[in-house]
Amino acid sequence: MAVYPPQPAKEPPLTARGPIAWIRHNLLSSPYNIAFTILGLAILYWTVPPFIKWAIIDAHFAGDSKSACTGGGACWVFIKEKLDMFLFGFYPHDQLWRPKSVFAAVLALGAFAKFVPGLHRLKLTLIVLFPVFAYLMLHGGHFGLPLVETSKWGGLLLTLVIASVGIVLSFPIGILLALGRQSKLPIIKSLSVFYIEFVRGVPLITVLFMASVVLPLFFPEGVNFDKLARALIGITFFEAAYVAENIRSGFQAIPKGQYEAADALGLGYWQKMALVILPQAIKVTIPNLVGTFISLFKDTSLVMIIGLFDLLAMVNVTANDRDWLGMDTEGYVFVAFIFWIFTFSMSMYSKRLEKRLDTNNK
Amino acid sequence: MMKRLVKFSAVAALATATLAMAGTLDDVKKAGVLKCGVNTGLPGFSEADSKGQWRGLDVDYCRALAAVVLGDASKVKFVPLNAKERFTALQSGEIDVLSRNTTDTETRDTSLGINFTGVMYYDGQGFMVPKALGVKSASELDGATVCIQAGTTTELNLADYFRSHHMKFKAITFDTNDQVTKAFEAGRCDVLTTDASGLYATRTKLKNPDKYVVLPEIISKEPLAPAVRQGDDQWFDIAKWTRNALLTAEEKGITMANVDDAKAKSTDPEVRRLLSVEGKMCENVKLPNGCFYNAIKQVGNYGEIFERNVGAKTPLKIKRGLNALWTKGGIQYSPPFR
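The written sequence of each chain sets the order in which its residues are numbered from 1. Each chain gets a letter, beginning with A, and each ligand a number, beginning with 1, in the order they are written. Totals for whole chains, interfaces and linings use all residues, but because this is a predicted model, local features are given only for residues with pLDDT of at least 70 and pairs of side-chain atoms are given and counted only at 80 or more.

1. Quick notes on the interface of chain A and chain B
One frequently used descriptor of interface size is the decrease in accessible area upon assembly of the parts. Contact definition: two residues whose C-beta atoms, as placed from backbone geometry, lie within 7 Å. Listed per partner, the contact involves 26 residues of chain A and 33 residues of chain B. Secondary-structure elements contributing two or more residues to the side of chain A that touches chain B are α3 (76–88), α8 (204–218) and α12 (311–318) of chain A. To qualify as a helix, a DSSP run of H or I must reach at least 4 residues; to qualify as a strand, a run of E must reach at least 2; elements of each kind are numbered from the N terminus. Top element by residues in the side of chain A that touches chain B is α8 of chain A. It accounts for 4 residues. Amino acids outside the nonpolar list (Ala, Val, Leu, Ile, Met, Phe, Trp, Tyr, Cys, Pro) and the charged list (Asp, Glu, Lys, Arg) are all regarded as polar, and Gly is one of them. Among the residues forming the side of chain A that touches chain B, the class breakdown is 10 nonpolar, 9 polar and 7 charged.

Written as structure tokens, this is what we have:
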């Protein structure tokens, strides 16, 4: 009897595996696809090498004045010389250790929360106390620290202050508004609806402008509300309306059975919301919420129009120094890079959070 | 509740009523610091150095005013303002003086509740061309292509000028100043036009500044002057005579370096009055003796301020032109200290 030993399976042909197959499948599968691939490569060819040549190969890194930059490349000396301005704005030079230590504290706190297991109560206390510490440190006027008015805060420091205060405060207000909109009490419901729809109908720039230019005219002369505080209040209430709508979409995604189950357990309204509905609603809206927060982070640069100097506005300030005229491009590229780092980390974090909270009940 | 409301509106009304009479001088003395509104960034006029210190011609005026009022040029809080909020900031009392390259015009002076104190810089719209074009005067620009920023008075001035000289031009407009500069450098137009002070700043942004020239013609009047709130004559006087003191000091040759010498030895009656050796110039504006001396000693005279910020030794290299003293062919002029 003939024996037919099983042959080892042959590999699929070269055109069906490995990089060649991948290229054929993803880049060259149809005439349109081929055309777009060529177009894409051409665009990359036209843009990337010149940018690398400008930003790295021809760039100047050493020196301390504009005269160090002679060729056509980027002048990163400018960024180096103006780094303190980009990071801290007009914060007094001899007091820079204060914002620096606040930044360091943020990193330390983050590392502590991530890498040290347990100690939840301590962690929570530290996180709650941190804003107080940061405020005392940055603003000063106590414990022998000289006062640094908020008008001198600027650059990345100001961007982060506005974004974090906006995010942290708009979140609870947004939740209350979303609950209000779901409420069966007509006054609460209509007030919430009116507020949300009104705020969403007005551009942020208008809110900031009102807070900065119109509001002072209503106060008696000499009464001056801090400009940063005005902007923070404006941004917080503006953002709260968007957060509220995000959370409401979460409410609508929760099956009615969950409400009924909570009722059947005999939970009151607040217990039902806090223990059953909100945790699920927030979980499903994480991508939207983070999207809103990312756009808030970028919207902070609008405070430029009311004379606060966030990271983006510092480009204008630094590039108008008579010793550094014509450095706008370097400034904008640098600032875009910083913005990208922050927004990209935010979206990465949201991805991880989604995975961690995923209970697979889709 | 109602009672409180009434009380509140009474206070508010009172506050509004006292607005006109408010003593800015007393406020500044009490605060110990002068609040000065400046531009967020204009090379040579108001700019921040790498340590965040403000400098520039508009900035130095505020330092001089602080020296006059408080005896210390460093006691200034600079409030950077954009074009839209500058007048509100002054009206609402957020700042005590607005020194932000603001053109003195009839409408602003009469309808905004502010007063302009005296011209610190005579500006006006000018033209810049590549040297290679061989143009020596704006009258040779017939048929030129001009790069301008859209939506500015610059555009209107340009049209007026060419029409009144029976010349033709083709305008290419851009949204921002940077775009205008880049287009001009790329050769998309023959001429770039904006305010003369801005032209010099723009020229330093170009890769080869020496290949371009600014033409001598100025086609519009832009007298840039500091402003104070209307209705406080005492403060207005102080602001006005601070500027005059800086000009008089230059006219009399008194500088930061020789002011002590002049105070001790000068026999010129006007110098003696200016430096409070005799007369009561400072007493007249309710300030301690030597008020103008402080400004000259700490900030310098007008000429020194000009040269330090925008003059030949700075990257801007602006010539004195109209801003030279009246004795030297310009129109900067101070009424006498008498």
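2. Overview of the nonpolar core
What we call a nonpolar core is a set of buried Ala, Val, Leu, Ile, Met, Phe, Trp, Tyr and Cys residues whose membership is set by joining through C-beta atoms within 7 Å. Field definition: a residue is buried when 20 or more other C-beta atoms are found within 10 Å of its C-beta, exposed when 12 or fewer are, and partly exposed for counts in between, with C-beta atoms placed from the backbone. Among the nonpolar cores identified, the biggest contains 155 residues, and Leu-65, Val-68 and Phe-292 of chain B are the most heavily contacted of them. Excluding residues that lie within four positions of it along the chain, Phe-292 of chain B makes contacts with Val-68, Ala-245, Leu-274, Leu-275, Met-281 and Cys-282 of chain B.

3. Section: α12 of chain A
Across the 8 residues of α12 of chain A, 7 count as buried, placing the element largely inside the fold. In this fold, the buried residues of α12 of chain A make contact with α3, α6 (155–182), β1 (309–310) and α13 (328–357) of chain A together with β2 (47–48) of chain B.

4. Examining the packing of α6 of chain A against helix α9 (residues 227–253) of chain A
Residue and element names in this part refer to chain A. Where α6 contacts α9, the axes come no closer than 6 Å and their chain directions differ by 50°. The angle between the axes of α6 and α9 places the two elements in the oblique class. In this structure, α6 meets α9 at a crossing whose hand is right-handed. Within the contact of α6 with α9, the residues separate by chemical class into 17 nonpolar, 5 polar and 3 charged. Here an angle of 0 to 180 degrees is reported between the N-to-C directions of two axes, which are lines fitted to C-alpha atoms, with helices fitted over the stretch in contact. What sets the label is the angle itself: under 35 degrees gives roughly parallel, over 145 gives roughly antiparallel, 65 to 115 gives roughly perpendicular, and the rest give oblique. Whether a crossing is left-handed or right-handed is set by the direction in which the near helix is turned from the far one by less than a right angle, anticlockwise for left-handed and clockwise for right-handed.

5. Some words on the domain arrangement of chain A
For the domains described, the bounds stem from an automatic or database domain assignment. According to the domain assignment, chain A contains domain 1 (14–57) and domain 2 (70–91 + 148–357). Each of domain 1 of chain A and domain 2 of chain A has a C-alpha centre, and these two points are 37 Å apart.

6. Notes on the sheet that holds strand β10 (residues 169–174) of chain B
Residues and elements named next belong to chain B. Reading across from one edge, β10-β9-β11-β8-β12 is the order of the 5 strands in this open sheet, with mixed pairing throughout. With one partner strand each, in any of the chains shown, β10 and β12 (212–214) form the two edges of the open sheet. Strand-to-strand, the axes of this sheet are offset by a mean angle of 30°, without reference to chain direction. Between any two strands, at least two bridges found by DSSP are needed for them to pair. Of the strand pairs in this sheet, strand β9 (residues 144–149) and β10 are connected by 6 bridges, and their pairing is parallel.

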